[in-house]
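Reading the structure
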Amino acid sequence: MNYAGFDLNLIVAFDALMAERHVTRAAQRIGLTQPALSAALNRLRHITGDELFIRAPKGLMPTPRAMDLAPAFRTILATVDGALSLQTEFEPALSQQVFSLALAEHPTQVLLVPLEKALRAVAPGVDLRIRALRNRQEAIRMLDEGQADLAIGVSPGSEARILSRHLWTEEFVGIARKGTDVSRFAQSTRDYAEGRHVLFSPEAEDRGLVDAALAKEGLKRRLGVTVGYTYAVPSLVAQSDMLATVLSGIVRESGFSGQLTVFKPPFELPSISYQLLWHRRTDAHPAHCWFRDVIGTLCGNF
């Protein structure tokens, strides 16, 4: 038999009739009119080829066929109820959810350990899959294709399907090896440009925010090394005579802060706001809402 287009409400009506054994009370139980319930019963009789309920002195009496159908129909309704409850309830302590999180190197260093500790404390069955992230365009692609549930990037963008939440902000600082007289670099943009610099450039480009700031004054710095790994920069500066301009959090997380002198560059650079990004299709999902709140709470302590 072809059940395409079968109305689940017919099973709801059947279940109400099994419980009440009376058309009017069954209709009231599920919020239908008596004629509507009678029509549903007639449709079920046609589909099953059985009377299902026979009038008796004390109400309706289910037929043997109805008694056979009742457990299966209850299972169907329980399955639907369970599926719908997943959309309204989430129990972290019992969940075995796996979340995919797309992160660049620095957010991974900042967030991963505290996030793992937080999950073990309240959701021991929840696991993580961390995806490497190079740029914002890659983050959008991974969210669109479902390869990542969340991503952490530096721009919320303008795509209506991509939603965002601010996590934390970092400022740029200059760094040099401990013991270096940085006063000769911190006085003017020209002095700063005369140093030999390390540039973090994941795209292997010989230009960054500092170079754009210098170019406004007709200046150009010497790039001693360009490197595609964030945490190679403080390591290299701590063991050389080069300078670098990096985010303050990179210094803090690098393990080399005790070997570096940190100073304010002699020009203005914009601060960087890290954003949590997700696709609109997961916006209302309880598990995803909970996970976003966990990350937001952690980052609120930074």
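Look a little higher up for the structure.
Below is a summary of the structure that appears in this document. The model shown is predicted, which means the values in this text are computed figures rather than measured ones.

Each value, and the rule that gives it
Residues numbered from 1 in each chain as written. Predicted model: local features only at pLDDT ≥ 70, side-chain atom pairs only at ≥ 80, totals over all residues. Heavy atoms only, no water. Pairing = 2+ DSSP bridges. Helix = DSSP H or I, 4+ residues; strand = E, 2+ residues; numbered from the N terminus. Axes fitted to C-alpha atoms, helices over the stretch in contact; angles between N-to-C directions. Contact = heavy atoms within 4.5 Å. 1 Å grid on protein atoms, 1.4 Å probe; cavity = no way out; pocket = protein on both sides within 12 Å on 5 of 7 lines; lining within 4 Å. Points joined across faces, edges and corners; volume = space filled by probe spheres on them. Nonpolar A, V, L, I, M, F, W, Y, C, P; charged D, E, K, R; others polar.

1. Details of the sheet that holds strand S8 (residues 196-200)
Spatial strand order, S9-S8-S10-S7-S11: 5 strands in an open sheet with mixed pairing. Lying at the two open borders of the sheet, with one neighbouring strand each, are strand S9 (222-227) and strand S11 (260-263). Going from strand to strand, the sheet's axes swing by 35° on average, the running direction of each strand aside.

2. Brief notes about the sheet that holds strand S6 (residues 162-170)
Spatial strand order, S4-S3-S5-S12-S6: 5 strands in an open sheet with mixed pairing. The open sheet has two edge strands, strand S4 (127-132) and S6, and neither has a second partner. Shown here is a sheet whose adjacent strand axes are inclined to one another by a mean of 25°, direction ignored. Here helix H6 (residues 136-144) sits on the sheet in contact with strand S3 (98-103), S4, strand S5 (150-153), S6 and strand S12 (272-279), set at roughly 20° to S12.

3. Focus: the layout of surface pockets
The probe, sized like a water molecule, is rolled over the atoms to show the empty space still left. The volume enclosed by the largest pocket comes to roughly 1100 Å³. Lining the largest pocket are 38 residues, with Arg134, Val154, Phe200, Pro202 and Glu203 positioned closest to its centre. Looking at the lining of the largest pocket, the elements with two or more residues in it are helix H5 (105-122), H6, S5, S8, helix H9 (209-215), strand S10 (243-247) and S12. Class assignment of the residues belonging to the lining of the largest pocket gives a composition of 22 nonpolar, 9 polar and 7 charged. Roughly 230 Å³ of volume is contained in the second largest pocket. Taken together, 15 residues line the second largest pocket, and the ones lying closest to its centre are Val23, Ser38, Leu41, Arg55 and Leu60.

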